Amino acid sequence: MKVLVIGGGAREHALCRSLSLDPDVTALHCAPGNAGIAEVAELHGVNALDGQAVAELAAGLQADLVVVGPEAPLVAGVADAVRDRGIPVFGPSAQAARLEGSKAFAKDVMAAAAVPTARSYVCTTPEEIDEALDAFGAPYVVKDDGLAAGKGVVVTEDADAARAHALACESVVIEEFLDGPEVSLFAVTDGETVVPLQPVQDFKRAYDGDQGPNTGGMGAYSPLPWADPKLVDEVMATVLQPTVDELRRRGTPFSGLLYAGLAITSRGIRVIEFNARFGDPETQVVLARLKTPLGGLLTAAATGNLAALPPLRWSDDAAVTVVIASHNYPDTPRTGDPISGLADVAEQDGPEAYVLHAGTKSDDSGAVLSAGGRVLSVTATGSDLTTARQRAYRAVGRISLDGSQHRTDIAAKVAGEAAGDAGNTGNAAS
């Protein structure tokens with residue numbers, strides 16, 4: 001089949017890499033892509049937010065499947081435009097993507113479906129903000145109602161900082177603080193059948209020890225040896241299936257990737273947020289462990305045939321991803337810096353470790369330059385988390401990017417290595 005992937009980050013590079021390894025995928029295209037994706041797919045300079053342009057491209061390529069990676073095109077209705085042309089697309093409609101596009105909408109769906117989540121208030125005025133902050137007290141959890149590229153959440157003990165963030169949002173969700181570690185669980189769905197993937201833990205804070213501002217994600221690992229073996233079944237029964245059923249009941253069926261950000265609290269599982277697409281950097285480790293061909297899985301979801309798909313097959317190996325970010329990320333990252341060492345990783349560390357490009361571009365001479373806040377995702381596999389972690393950081397050490405930053409404690413605690421943290425705590429989602 002011919003596949004077109006929409007997007008240009010490390011998530012899309014991970015998707016393209018896995019699709020390129022699927023023997024049924026005979027042609028792979030990506031728009032707009034990046035310097036790394038160009039090695040496995042043909043790139044096209046199309047505006048990913050322009051549904052009609054994406055649909056025209058897909059039709060011109062005679063694509064058998066379109067995979068929409070990022071949230072913004074989904075919320076903008078790109079999947080709808082492609083479906084209107086009769087082309088199978090992996091990704092929800094604009095109406096269903098509101099599950100990520102509006103946290104207030106997601107709270108309403110969860111209430112109707114009896115999905116466990118944090119108590120919250122939706123606020124649009126300074127008076128409502130003050131009342132909500134006073135009602136919950138510190139630590140304050142303040143979330144921009146709309147899309148914010150993974151940086152719309154503030155979790156703080158500082159009431160003034162919480163209020164300032166809330167006032168900067170047109171509409172804001174203020175909710176109770178959730179204790180306990182966070183887990184990401186993806187599920188592929190065709191609107192009825194729900195197929196869970198493997199749980200992941202990611203690291204949202206910029207610096208070691210979960211310090212610093214929220215980011216789009218600085219690393220991830222899977223599997224989770226500390227998690228309850230029944231976790232996936234419980235989340236399926238109490239969160240994922242009820243949510244899919246509720247959206248179908250409303251006449252806006254959700255087809256694509258449903259991402260549940262979860263807190264494992266002292267009172268049980270609570271949903272922090274939903275996303276309507278593969279997460280980044282969690283996708284990098286999930287796909288590193290998935291043995292089932294990705295093209296067939298995504299096509300089954302796009303065509304309503306998930307129920308007939310055999311059970312997914314997974315590698316027993318562990319996977320770790322470490323994100324290399326630009327100088328000054330997540331504030332105003334510097335771009336345009338040359339990146340070296342990529343070939344060294346490919347030659348000396350592959351295939352167990354490899355680099356997925358996020359914010360990169362090639363100049364006229366073919367040199368790879370930084371072009372975003374999160375620049376690279378270095379992903380490695382191994383027989384256990386300790387081995388995967390060591391391989392990932394060995395590869396990170398070969399890469400040079402002036403002023404770059406990365407966390408040194410991804411999966412450290414769970415691997416029993418140097419001082420680190422088991423992951424995020426406290427509603428630190430996007």
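Residues numbered from 1 in each chain as written. Predicted model: local features only at pLDDT ≥ 70, side-chain atom pairs only at ≥ 80, totals over all residues. Heavy atoms only, no water.

(A) Main features of the overall build of the protein chain. Per the secondary structure count, the protein chain includes 13 helices and 24 strands. Over its C-alpha atoms the protein chain spans a radius of gyration of 20 Å, differing by no more than 12% from the 22 Å that the globule rule assigns to 430 residues. Principal axes of the C-alpha set define a box for the protein chain whose edges measure 55 × 50 × 40 Å. Within the protein chain, the fraction of its 430 residues that count as buried is 58%. Restricting the contact set of the protein chain to residue pairs at least 6 apart, pairs at least 24 apart contribute 69%. Surface accessibility of the protein chain: about 16000 Å² in total, with carbon and sulfur atoms responsible for 48%. The protein chain carries 33 positive and 56 negative side-chain charges, and their two centres are separated by 3 Å. (Helix = DSSP H or I, 4+ residues; strand = E, 2+ residues; numbered from the N terminus. Rg over C-alpha atoms; globule rule 2.2 N^0.38 Å. Buried < 20%, exposed > 50% of the residue type's maximum accessible area, 1.4 Å probe, protein only. Contact = heavy atoms within 4.5 Å. Areas by Shrake-Rupley, 256 points an atom, 1.4 Å probe, with all protein chains shown as cover. Lys, Arg positive; Asp, Glu negative; His and termini not counted. Charge placed at Lys NZ, Arg CZ, Asp CG, Glu CD.)

(B) View of the sheet that holds strand E12 (residues 201-202). Strand order in the open sheet formed by five strands is E12-E15-E18-E23-E20, with antiparallel pairing between adjacent strands. The open sheet has two edge strands with one neighbour each: E12 and strand E20 (353-357). Pairing analysis gives five bridges linking E20 to strand E23 (residues 374-382), with the strands arranged antiparallel. Each bridged residue has a counterpart across the sheet, and for His-357 the counterpart in E23 is Leu-376. The sheet contacts of helix H10 (residues 282-289) involve E12, strand E15 (219-222), strand E18 (318-325), E20 and E23, and relative to E18 the element is tilted by about 150 degrees. Most of the contacts of helix H13 (residues 385-396) go to E18, to which it runs at about 25 degrees, and overall it touches E15, E18, E20 and E23. (Pairing = 2+ DSSP bridges. Axes fitted to C-alpha atoms, helices over the stretch in contact; angles between N-to-C directions.)

(C) Geometry of unusual backbone geometry. That bond from Ala-138 to Pro-139 is cis: its omega, -5 degrees, falls within 30 degrees of zero. Between Ser-222 and Pro-223 the backbone carries a cis peptide bond, its omega angle lying at 5 degrees. Checked against the element boundaries, Pro-223 lands in the loop between E15 and helix H9 (231-249). One non-glycine residue with positive phi stands out, namely Ala-411, at about 65 degrees. Within the secondary structure, Ala-411 is located in the segment after strand E24 (400-401).

(D) A look at the side chain of Lys-143. Its location among the elements puts Lys-143 in strand E7 (residues 140-144). Owing to a relative accessible area of 2%, Lys-143 belongs among the buried residues under this scheme. A polar side-chain atom of Lys-143 sits 2.9 Å from the main-chain carbonyl oxygen of Ile-272. (Polar contact = N/O pair within 3.5 Å; in protein donor to acceptor, adjacent residues only side chain to side chain.)

(E) Quick peek at the pairing of strand E4 (residues 65-68). On E4, burial covers both faces: Leu-65 and Val-67 on one face and Val-66 and Val-68 on the other are all buried. Pairing between strand E1 (residues 2-7) and E4: four bridges, direction parallel. Along E4, the bridge assignment pairs Leu-4 with Val-66. As paired strands, E4 and strand E5 (residues 89-90) are joined by two bridges and run parallel to one another. Considered in E5, the bridge of Val-66 is made with Val-89.

(F) Fine view of helix H8 (residues 159-167). Ala-162, His-165 and Ala-166 are the residues of H8 that are buried. Angularly, the buried residues of H8 cover 100 degrees about the axis, an arc narrow enough to put them on a single face. In this structure Asp-158 caps H8, since a side-chain oxygen of it lies 2.9 Å from the backbone nitrogen of Asp-160. (Arc of directions from axis to C-beta.)

(G) Representation of the pattern of salt bridges. Taken as a whole and judged by the stated rule, the model has 21 salt bridges. For Glu-176, the salt bridge identified is with Arg-267, shortest N-O distance 3.6 Å. Residue Glu-176 is found in the loop between strand E9 (172-175) and strand E10 (182-189), and its partner Arg-267 is found in the loop between strand E16 (256-265) and strand E17 (268-275); the two are separated by 91 residues along the sequence. Classification of Glu-176 as buried rests on a relative accessible area of 9%. Its salt-bridge partner being Arg-248, residue Asp-245 comes within 3.3 Å of it at the nearest N-O pair. Residue Asp-245 and its partner Arg-248 are located together in helix H9, separated by three residues, close to a single helical turn. Put simply, Asp-108, Glu-246, Arg-249 and Arg-250 are held in one network by salt bridges that share partners. (Salt bridge = Lys/Arg side-chain N within 4 Å of Asp/Glu carboxyl O.)

(H) Representation of the sheet that holds strand E2 (residues 27-32). Taken in spatial order, the five strands of this open sheet run E3-E2-E1-E4-E5, and their pairing is parallel. For this open sheet the edge positions go to strand E3 (42-43) and E5, each flanked by a neighbour on one side alone. Docked against the sheet, helix H2 (residues 51-61) engages E1, E2 and E4, running at close to 160 degrees with respect to E1.

(I) Structural view of the packing of aromatic side chains. One pass over the full model with this rule turns up five aromatic pairs. Consider the rings of Phe-186 and Phe-278, whose centres lie 5.8 Å apart with planes at 80 degrees: the pair is edge-to-face. With Phe-186 in strand E10 and Phe-278 in the loop between E17 and H10, this pair connects stretches of sequence that are 92 residues apart. With respect to burial, Phe-186 and Phe-278 carry one shared label: buried. Relative to Tyr-221, the ring of Phe-203 lies with its centre 6.1 Å away and its plane at 45 degrees, an arrangement referred to as tilted. Remark: Tyr-221 occurs in strand E15 and Phe-203 occurs in the loop between E12 and strand E13 (205-207); sequence separation between them is 18 residues. Summarising the burial analysis for this pair, Phe-203 and Tyr-221 share the class buried. Taken together, the aromatic side chains of Phe-90, Phe-186, Tyr-259 and Phe-278 make up a single cluster linked through ring pairs. When the ring centre of Tyr-354 is taken as reference, the NZ or CZ atom of Arg-17 above it lies at 3.6 Å. (Phe/Tyr/Trp six-rings, centres within 6.5 Å; stacked < 30°, edge-to-face > 60°. Lys NZ or Arg CZ within 6 Å of the ring centre and 35° of its normal.)

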